[in-house]
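# Close look at the chain arrangement
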Amino acid sequence: KTEEEARRGLGKEAEATSINKSLRAVQAVIAGLAAGHKHVPYKESKLTRLLSNSLGGNALTVLIATLSPSPKDFSETTNTLLYARAAKKILNKAAQNAEEALVESAIQNTRSSVTEQ
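Because the structure is predicted, anything quoted here is derived from the model rather than measured. (Residues numbered from 1 in each chain as written. Predicted model: local features only at pLDDT ≥ 70, side-chain atom pairs only at ≥ 80, totals over all residues. Heavy atoms only, no water.)

The number of helices and strands found in the protein chain is five helices and zero strands. Element order for the protein chain, N to C, with α for helix and β for strand: α-α-α-α-α. For the protein chain, the proportion of its 117 residues judged to be buried stands at 15%. Long-range contacts, defined here as pairs at least 24 residues apart, represent 43% of the contacts in the protein chain between residues at least 6 apart. Accessible surface, the protein chain as shown: approximately 9600 Å² in total, 55% of it carbon and sulfur. (Helix = DSSP H or I, 4+ residues; strand = E, 2+ residues; numbered from the N terminus. Buried < 20%, exposed > 50% of the residue type's maximum accessible area, 1.4 Å probe, protein only. Contact = heavy atoms within 4.5 Å. Areas by Shrake-Rupley, 256 points an atom, 1.4 Å probe, with all protein chains shown as cover.)

At a minimum axis separation of 8 Å, helix α2 (residues 12-35) and helix α4 (residues 74-88) run at an interaxial angle of 40°. Remark: the crossing between α2 and α4 carries left-handed chirality. Facing α2, whose interface residues are L23, V26, Q27, I30 and A34, α4 presents Y83, A86 and A87. (Axes fitted to C-alpha atoms, helices over the stretch in contact; angles between N-to-C directions. Left-handed = near helix turned anticlockwise from the far one by under 90°.)

Our focus in this paragraph is the confidence of the model for the protein chain. For the protein chain, the average pLDDT comes to 83, and 87% of its residues sit at 70 or higher. The secondary-structure element of the protein chain with the lowest mean pLDDT is helix α1 (residues 3-8), recorded at 63, while α4 shows the highest, at 91. (pLDDT = per-residue confidence, 0-100.)

Moving on: the side chain of T77. Its location among the elements puts T77 in helix α4. Among the residues examined, T77 registers a relative accessible area of 13% and is labelled buried. Of note is the side chain of T77, whose polar atom sits 3.3 Å from the backbone oxygen of S68. Residues contacting T77, with those up to four places away along its chain left out, are L67 and S68. (Polar contact = N/O pair within 3.5 Å; in protein donor to acceptor, adjacent residues only side chain to side chain.)

A few words now on the layout of surface pockets. Here the largest pocket is characterised by a volume of approximately 460 Å³. Within the residue set of the lining of the largest pocket, elements represented by two or more residues are α2, α3 (46-56) and α4. If one sorts the elements of the lining of the largest pocket by residue count, α4 sits on top with five residues. Quantified by volume, the second largest pocket comes out at close to 240 Å³. (1 Å grid on protein atoms, 1.4 Å probe; cavity = no way out; pocket = protein on both sides within 12 Å on 5 of 7 lines; lining within 4 Å. Points joined across faces, edges and corners; volume = space filled by probe spheres on them.)

This next bit is on the nonpolar core. Listed in full, the nine residues of the largest apolar core are V26, V29, I30, L33, V40, Y42, L55, A87 and I90. Contacts of L55, omitting those with residues within four sequence positions, involve V29, L33, T61, I90 and N92. (Core = buried A, V, L, I, M, F, W, Y, C linked by side-chain atoms within 4.5 Å.)

What follows is about the side chain of T48. If you trace the backbone, T48 turns up in helix α3. Looking at T48, its side chain comes within polar contact range of the main-chain oxygen of S45, at 3.0 Å. Filtering out sequence-adjacent residues up to four positions away, T48 remains in contact with A25, V26, V29, P41, Y42 and K43.

See the structure below:
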């Protein structure tokens, strides 16, 4: 056990269980967003709460799917591709935040007044 595992009382099985639980929560969020559901279960895990603005908020999001050509990884590769296909269906409407636009406008105004002097 690593020092962190000993401190938290987690072994490899408990850690794998925790990771799988978070991945299932992400999968549920992606499925909800792809299907256009009004309620999306972001609060199911810490990971989905952290990713909520990226997955369904005001952002452009990229998902990189890492695949393996090995026959022994066929099941995992198939699941990854299913994840990616569902994520591809998510449509976000990214727009510049109003606060950012105001700050940018103020910076431009300041620059203009400085160069005029």
